[in-house]
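Each chain, letter by letter, is given below.
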Amino acid sequence: MSTFWSIWVIVMTLIVLGGSVWLLLATRRIEVTDAKQAAEKGQPSTTGHSYDGIEEYDNPLPSWWFNMFMITAIFAVIYILLYPGFGNFKGFLGWTSAGEWERDVDRAEQRYAPVYAKYRDMPIEEIISDPDAMKMGQRLFNNNCSVCHGSDGRGSYGFPNLADADWLYGGTAEAIKASITHGRTGVMPAWGGAIGEDGVDQVTEYVFSLSGRQHDAAKAQQGQQVYGTFCASCHAVDGTGNTALGAPNLTDGIWLYGGSPTLVKHSIRAGRNGNMPAQQGQLKSDKINLLAAYVYRLSKVQ
Ligand code: HEC
Ligand code: HEC
């Protein structure tokens with residue numbers, strides 16, 4: 001909050017609070033001229049206001065009601081002294097919602113740490129046959145991974161399917177765990193400049209021939225040379241890819257970025273840079289182990 005708005009809030013708060021208390025005290029009783037006379041006659045005094053013959057008595061607020069107003073006002077003063085709310089004044093208790101959230105998280109961590117700790121050093125092959133562990137894994141997956149990989153882990157455009165047997169970086173328990181822990185960055189350079197639009201066209205036909213797809217044989221033959229020169233180093237001579245680089249297998253008909261001619265050409269012409277964020281900063285190794293086991297099992301049970 002800027003200083004101006006801070007002062008604005010402080011002044012407004014003071015006016016409302018002070019004004020309410022003043023109003024309460026100032027109108028406790030109205031000065032009435034006939035109060036004495038009325039008292040002598042044994043009648044309740046009136047404010048002198050009369051509407052269609054109905055007179056307004058000058059009765060004070062019931063004391064419980066008056067006291068409640070006063071307690072509320074005192075409570076308000078104490079509250080804004082202790083907690084934030086009075087402009088930029090942070091309150092004497094130093095309370096913040098973020099601090100409270102962190103305390104809650106700490107408490108939860110302490111409470112559940114022993115539950116998770118059990119899985120920290122357990123081999124992934126063993127975790128997958130523990131139904132409780134798989135339930136925890138699924139919950140962790142939904143909270144941390146499903147935004148990108150889908151709640152069923154089947155991925156979508158640019159986000160790999162984790163529930164099949166096709167892996168960019170390898171499907172062993174260790175490889176999956178490494179993907180999650182350290183993250184992955186796919187580097188497919190843009191080739192449009194180096195091989196030109198004709199080259200993109202030709203090598204696309206060759207890439208299609210690798211998966212036995214319909215293709216232009218003449219172009220594919222020219223494309224094979226382009227492929228040998230520019231692509232084989234990463235995607236392997238036979239097109240089956242390289243898990244050390246995350247270079248996808250181009251022979252299996254599974255496409256991370258779509259298999260239509262337009263999309264494949266776009267991949268080749270402009271390059272692709274998928275990014276899997278590293279989880280080691282956010283998640284402890286026991287949770288990562290559970291997630292790796294969950295993903296590992298996902299790809300086995302289809
Ligand atoms: C911000 C989106 C995003 C989130 C969140 C995310 N991922 Fe990923 N993940 C990706 C992308 C993109 C790739 C592919 C990287 C590439 O193209 O090289 C990937 C790759 C992977 C791979 C390697 C797949 C393969 O074929 O080798 C695994 C395993 C994986 N993610 C698991 C997870 C798990 C488990 C979580 C939750 C802790 C998670 N991811 C959260 C985007 C995400
Ligand atoms: C430096 C290594 C490297 C070279 C060289 C390379 N690629 Fe790639 N390629 C990759 C990587 C890594 C990916 C995956 C990118 C990602 O995960 O975001 C990829 C992705 C692709 C895709 C998308 C695959 C899909 O499933 O959607 C196609 C098509 C492709 N490359 C074709 C080629 C062709 C054709 C050439 C040669 C002109 C080539 N690549 C050269 C590393 C390389």
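Below is a short write-up of the structure.

### Some remarks on the site of ligand 2
Inspection of the region around ligand 2 gives 25 residues, with Met188, Cys231, Cys234, His235 and Tyr257 positioned closest. Measuring from an oxygen atom of ligand 2, one finds a backbone N or O atom of Leu256 at 2.7 Å. Gly274 places a polar main-chain atom, nitrogen or oxygen, 2.7 Å from an oxygen atom of ligand 2. Secondary-structure elements contributing two or more residues to the shell around ligand 2 are helix H11 (232-235) and helix H12 (261-270). The biggest single contributor to the shell around ligand 2 is H12, with 3 residues.

### What about the coordination of the iron atom of ligand 2?
For the iron atom of ligand 2, the protein coordination sphere consists of Met188 (SD) and His235 (NE2), at 2.0 to 2.1 Å. For His235, a relative accessible area of 10% gives the class buried.

### What to know about the coordination of the iron atom of ligand 1
Those protein atoms acting as donors to the iron atom of ligand 1 are His149 (NE2) and Met276 (SD), and they sit at 2.0 to 2.1 Å. Each of the 6 donor atoms around the iron atom of ligand 1 contributes to a set of angles spanning 87 to 179°, which defines the coordination as octahedral. Pair noted here: His149 is in helix H7 (residues 146-149) and Met276 is in strand S4 (residues 275-276), with a separation of 127 residues, a long-range link. Exposure remark for Met276: the relative accessible area of 23% places this residue in the partly exposed category.

### Focus on helix H3 (residues 63-82)
Given a rise of 1.5 Å per residue, 20 residues ought to cover 28 Å, and the 28 Å separating the end C-alpha atoms of H3 matches this to within 8%. Among the residues making up H3, those that are buried are Phe66, Ala73 and Ile80. The arc that holds every buried residue of H3, seen down its axis, measures 70°, which confines them to one face. Seen from the buried face of H3, the exposed residues on the opposite side, beyond 90 degrees, are Trp64, Ile71 and Phe75.

### Thoughts on the packing of aromatic side chains
Taken as a whole and judged by the stated rule, the model has 13 aromatic pairs. On the numbers, 6.1 Å between centres and 35° between planes, the contact of Phe4 with Trp8 is tilted. Remark: Trp8 and Phe4 occur in helix H1 (residues 3-26); sequence separation between them is 4 residues, near one turn of the helix. Consider the rings of Tyr157 and Tyr257, whose centres lie 5.8 Å apart with planes at 80°: the pair is edge-to-face. Of this pair, Tyr157 sits in the loop between H7 and helix H8 (173-182) while Tyr257 sits in the loop between H11 and H12, and the two are 100 residues apart along the sequence. Given the relative accessible area of 15%, Tyr257 is considered buried. Arg213 extends its terminal NZ or CZ atom over the ring of Phe208, reaching a point 3.8 Å from the ring centre.

### Observations concerning the side chain of Ser146
Take Ser146: it is sitting in helix H7. Ignoring sequence-local partners within four residues, the contact set of Ser146 consists of Phe141 and Ser151.

### Examining the site of ligand 1
Looking at ligand 1, there are 23 residues lining it, with Cys145, Cys148, His149, Tyr169 and Met276 nearest. In the environment of ligand 1, an oxygen atom lies 2.4 Å from a nitrogen or oxygen atom belonging to the side chain of Tyr169. A distance of 3.2 Å is found between an oxygen atom of ligand 1 and a backbone nitrogen or oxygen belonging to Gly186. Looking at the shell around ligand 1, the elements that each hand over two or more residues are H7, H8, S4 and helix H13 (285-300).

Rules used throughout
- The numbering scheme is per chain: residues are counted from 1 as the chain's sequence reads.
- Both sets of labels track the order of writing: A upward for chains, 1 upward for ligands.
- Reporting in this predicted model follows two pLDDT cut-offs: at least 70 for local features of residues, and 80 or more for side-chain atom pairs to be given and counted; totals over whole chains, interfaces and linings ignore these cut-offs and use all residues.
- With hydrogens and water stripped out, all remaining heavy atoms of the structure feed into the side-chain values.
- The criterion for a residue being near a molecule or strand is simple. One of its heavy atoms has to lie within 4 Å of it.
- Under this definition, polar contacts are N or O atom pairs within 3.5 Å; protein pairs additionally need one hydrogen-donor-capable and one acceptor-capable atom, and for neighbouring residues in sequence, both atoms have to be side-chain atoms.
- Each helix is a run of H or I in the DSSP string that is no shorter than four residues. Each strand is a run of E no shorter than two, and both are numbered from the N terminus.
- Here a donor is an N, O or S atom found within 2.8 Å of the metal, or within 3.2 Å if the metal is Na, K or Ca; sites may look incomplete because water is not among the atoms.
- Throughout this description, buried means an accessible area under 20% of the type-specific maximum (1.4 Å probe, protein chains only), exposed means over 50%, and partly exposed covers the range between.
- Working rule for geometry: tetrahedral if four donors all subtend angles between 85 and 135 degrees; square planar for four, octahedral for six, if opposite donors exceed 155 degrees and the others stay between 65 and 115; irregular in every other situation.
- What a helix is expected to span follows from its residue count: subtract one and scale by 1.5 Å.
- Directions drawn from the helix axis to the C-beta atoms are what define this arc.
- Classification of ring pairs uses Phe, Tyr and Trp, with its six-membered ring standing for Trp, and accepts pairs whose centres are within 6.5 Å; under 30 degrees between planes counts as stacked, over 60 as edge-to-face, and the remaining range as tilted.
- Criterion for a charge above a ring: Lys NZ or Arg CZ within 6 Å of the ring centre, and within 35 degrees of the ring normal.
- Between two residues, a contact is recorded if the distance between any of their heavy atoms is within 4.5 Å.

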